Amino acid sequence: MPIFAANLTMMFNEWSFLDRFDAAADAGFRAVEFQFPYDHAPDAVAARLERNGLTLALFNMPPGDWAAGERGLAALPDRFDEFRTAVDAALRYAEATGCHRLHMMSGLADAADPAAQASYRRAVAHAASALAGQGIDLLLEPINGRDMPGYFLNCFAAAERLITALALPNLKLQFDLYHRQILHGDVTMALRRLLPVTGHIQIASIPSRYEPAGEELNYPFLFAELERLGYQGFVGCEYRPRAGTLDGLSWFAPYRTKEQRQPTPS
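Residues numbered from 1 in each chain as written. Predicted model: local features only at pLDDT ≥ 70, side-chain atom pairs only at ≥ 80, totals over all residues. Heavy atoms only, no water.

(A) Region of the structure containing the packing of aromatic side chains. Inspection of the entire model under this criterion finds 23 aromatic pairs. A ring pair is formed by Phe 4 and Trp 251, whose centres lie 5.4 Å apart and whose planes are at 75°; its orientation type is edge-to-face. Highlighted residues: Phe 4 in strand 1 (residues 3-7) and Trp 251 in the segment after strand 8 (234-237), separated in sequence by 247 residues. A single burial state applies to Phe 4 and to Trp 251, both of which are buried. (Phe/Tyr/Trp six-rings, centres within 6.5 Å; stacked < 30°, edge-to-face > 60°. Helix = DSSP H or I, 4+ residues; strand = E, 2+ residues; numbered from the N terminus. Buried < 20%, exposed > 50% of the residue type's maximum accessible area, 1.4 Å probe, protein only.)

(B) Structural view of the sheet that holds strand 1. Within the closed barrel, the eight strands sit side by side as 1-2-3-4-5-6-7-8. Their pairing is parallel. Looking at each pair of strands side by side, their axes are set apart by 30° on average, direction ignored. Of the strands in this sheet, strand 4 (101-103), strand 5 (137-140) and strand 6 (171-176) touch helix 4 (residues 114-132), which is tilted by about 150° from strand 5. (Pairing = 2+ DSSP bridges. Axes fitted to C-alpha atoms, helices over the stretch in contact; angles between N-to-C directions. Contact = heavy atoms within 4.5 Å.)

(C) Region of interest: the environment of Glu 216. Within the fold, Glu 216 resides in the loop between strand 7 (198-203) and helix 8 (219-229). Filtering out sequence-adjacent residues up to four positions away, Glu 216 remains in contact with Gln 181, Ile 206 and Pro 207. In terms of polar contacts, Glu 216 uses its side chain to reach the side chain of Gln 181, at 2.9 Å. (Polar contact = N/O pair within 3.5 Å; in protein donor to acceptor, adjacent residues only side chain to side chain.)

(D) Geometry of the nonpolar core. Counting 85 residues, the largest nonpolar core has Phe 12 and Phe 29 as its most contacted members. The contacts of Phe 29, once residues within four sequence positions are left out, are Phe 4, Ala 5, Ala 6, Met 11, Phe 12, Ala 24, Leu 54, Cys 237, Leu 249 and Phe 252. By size, the runner-up hydrophobic cluster in this structure holds six residues, among which are Ala 5, Ala 31, Ala 57 and Leu 58. (Core = buried A, V, L, I, M, F, W, Y, C linked by side-chain atoms within 4.5 Å.)

(E) Region of the structure containing unusual backbone geometry. For the bond running from Ile 206 to Pro 207, omega is 15°, close enough to zero to count as cis. Within the secondary structure, Pro 207 sits in the loop between strand 7 and helix 8. Despite not being glycine, Phe 12 has its phi angle at roughly 60°, a positive value. Here Phe 12 shows up in the loop between strand 1 and helix 1 (17-26). The backbone phi angle of Ala 167 is positive, close to 50°, even though this residue is not glycine. Mapped onto the secondary structure, Ala 167 falls in the loop between helix 5 (156-166) and strand 6.

(F) Fine view of the packing of helix 2 (residues 42-52) against helix 3 (residues 80-97). Where helix 2 contacts helix 3, the two axes come as close as 8 Å, and the packing angle between them is 30°. Here helix 2 is positioned roughly parallel relative to helix 3, judged by the angle of their axes. Seen along the crossing, helix 2 lies across helix 3 with a hand that is right-handed. In this structure, helix 2 contributes Pro 42, Asp 43, Val 45, Ala 46 and Leu 49 to the contact, and helix 3 contributes Arg 92, Tyr 93, Ala 96 and Thr 97. Residue classes in the contact of helix 2 with helix 3 are distributed as six nonpolar, one polar and two charged. (Parallel < 35°, antiparallel > 145°, perpendicular 65-115°, else oblique. Left-handed = near helix turned anticlockwise from the far one by under 90°. Nonpolar A, V, L, I, M, F, W, Y, C, P; charged D, E, K, R; others polar.)

Interpretation in functional terms is not warranted from these geometric data alone.
Next up, the structure:
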């Protein structure tokens, strides 16, 4: 069975960020992921992982000015120097935390613009090379335009073509089942075909992005399919709890690996 990683950006928001590590471990998770750790020192994040026996499955490279609406730098031709700095910053956190997967957001740009295409390809090649020396995979995630209008990488086929064309051993697909269903559907067949180039999987209900239970997708079937396919990686729980985080974990009960005490928000 895949190892589920609690997404600490979207889950356990009843706690402050660093305390979410403790809460996730107490709830039974063996791994965590999050979007951006950069408001906290690398050593502080590493300490919370270590004391809870957690593996950091994934986090994102700096995306530019998130508060101003930026969603990555890779496809922006005039931001390459800033992009290189962002790669270096992410590597410092990866080294401190022992993380072996980094997601690179593409940015907001026209997917048909040749300049954006060239910038993105250049950024992917640079980042993959920089990460390879540290044994880290670079992940590319197609994101749907309903959640993120104008996002450059909004197509699974485009991501697959680039990964295949570059043929870099540490360049892989981040297969978010929520985004896949909204963008293209046909989730199970896509998993079967794309699993060889997939480095990380994420889940949420569709269309509400709640716990992976109910709504459009049959998640128990999909979890069993991942096991049948021999997937050994992490499954990131990138969903917004419908109510409290702990109240919504009934879906996770069959997959817990140890007895848990119920954490209390601080």
